[in-house]
Amino acid sequence: MAKQKLMLFASLSFFFVTMISSPFLSSAISQCNGPCQDLNDCDGQLICINGKCNDDPDLGTQICPKSPSPTPSGSCQQSGTLQCDGQTYPTYECSPPVTSSTTAKLTNNDFSEGGDGGGPSSCDGQYHSNSELIVALSTGWFSNGSRCGQMIRITASNGRSVTAKVVDECDSMQGCDEEHAYQPPCKNNIVDGSDAVWTALGLNKDVGIVDVTWSMA
C-alpha cells in the first residue's frame, strides 16, 4: 500500500513539473516593458529588447509610452509663467551653473534714468551712465545680490573679451510693469550689458542678442 502511495506521489509530481515547464502553459504574454526571453513572449507587434517587451524600431511603432528623460544634474527648471500683454512668458528662480566658461546670451541695457532698464540699479539704487562697463545678470546668477559689485569677464565669439561690474538684476521672475520698463521677464541665461560693454567687445548692439561666455574675473 505504501509502495502504491509512493508511486502515485511520484506520478503527480511528474505531472505538475510537466505542466509548469510546458511552453503552452508558461508562455504568459507580456505587455510594454514586461519581461521576455524571445519574440513569442511579447504581445502583438512588440519585440523582446534587453529582456523587456518594447516597440520594434524597424517598424517605427509607438505602442509603449516613452519614459521621460531624466533631469540633468544641476539643471535649471522653469518655476512658473507670467502673463504679459496677452502672451505667456516662462519665469525662473535659477540660472544654469556658473563655470569657468558659462554660456550666456548678451543683451543690451540702458542703465540711465528713463532708459529701458526701468528703475535704478538693484545693487546701489543708482542710475548709471552707459559709458560704464556694467552689466545686469539673470535672477539665478544675480544670486540675491551676492554678486553685486563683483567683476565678471565676458568673451564674445570673435575672441574679444571685457571685464564689467555687476550692478543690477535682469529679473527672471517679474516684468511687464513700470519698474521693469514694461518689458517681459528676462530669460535665465542673460548678461545684460551697457553700450560700453558691446563696444568693448566689438559688437553691434542693434543685433539685439548674441552668444557669449562669462566667468568671474
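Residues numbered from 1 in each chain as written. Predicted model: local features only at pLDDT ≥ 70, side-chain atom pairs only at ≥ 80, totals over all residues. Heavy atoms only, no water.

Per an unreviewed UniProt entry, the protein chain goes by the name Barwin-related endoglucanase and belongs to Corchorus olitorius. Per UniProt, the protein chain carries the Subcellular location (unreviewed entry) text "Secreted". (UniProt positions renumbered as here; feature names shortened; annotations may be inferred.)

Focus: the overall build of the protein chain
Summing up its helical and strand segments, the protein chain has four helices and ten strands in all. Scanning the protein chain from its N terminus toward the C terminus, one meets helices and strands in the order α-α-β-β-β-β-β-β-α-β-β-β-α-β. In the protein chain, buried positions account for 32% of the 217 residues. For the protein chain, the proportion of contacts with a sequence separation of at least 24, taken over those separated by at least 6, is 57%. When the accessible area of the protein chain is evaluated, it comes to approximately 13300 Å², of which 53% is carbon and sulfur surface. (Helix = DSSP H or I, 4+ residues; strand = E, 2+ residues; numbered from the N terminus. Buried < 20%, exposed > 50% of the residue type's maximum accessible area, 1.4 Å probe, protein only. Contact = heavy atoms within 4.5 Å. Areas by Shrake-Rupley, 256 points an atom, 1.4 Å probe, with all protein chains shown as cover.)

Notes on the sheet that holds strand β6 (residues 134-138)
Strand order around the closed barrel formed by six strands is β5-β9-β6-β8-β7-β10, with mixed pairing between neighbours. Neighbour-to-neighbour, the strand axes of this sheet turn through a mean angle of 45°, independent of strand direction. Relative to strand β10 (residues 209-216), strand β5 (residues 102-108) is paired through six bridges, and the arrangement is antiparallel. What sits directly across from Lys 105, in β10, is Asp 211. (Pairing = 2+ DSSP bridges. Axes fitted to C-alpha atoms, helices over the stretch in contact; angles between N-to-C directions.)

Let's talk about the confidence of the model for the protein chain
With 80% of its residues at a pLDDT of 70 or more, the protein chain has an overall mean of 81. Within the protein chain, the element-level pLDDT minimum falls on helix α2 (residues 23-26), averaging 40, and the maximum on strand β7 (residues 151-156), averaging 98. When the criterion is pLDDT under 50, residues 2-12 qualifies, and its contacts beyond four places in sequence or with other chains add up to zero contacts. Counting interchain partners and residues more than four positions distant, the pLDDT-below-50 stretch residues 67-73 has one contact. (pLDDT = per-residue confidence, 0-100.)

Examining the state of the cysteines
All told, the structure shown has five disulfides when counted by the stated rule. What pairs with Cys 42 in a disulfide is Cys 53, and their sulfur atoms sit 2.1 Å apart. Taking the sign of the torsion about the S-S bond as the criterion, the disulfide between Cys 42 and Cys 53, at about -85°, is left-handed. Taken together, the residues span a long stretch of sequence, with Cys 42 in the loop between α2 and β1 (47-49) and Cys 53 in strand β2 (residues 52-54) at a distance of eleven residues. We note that Cys 42, like Cys 53, is buried. For Cys 76, the disulfide goes to Cys 94, at an S-S distance of 2.0 Å. (Disulfide = S-S within 2.5 Å.)

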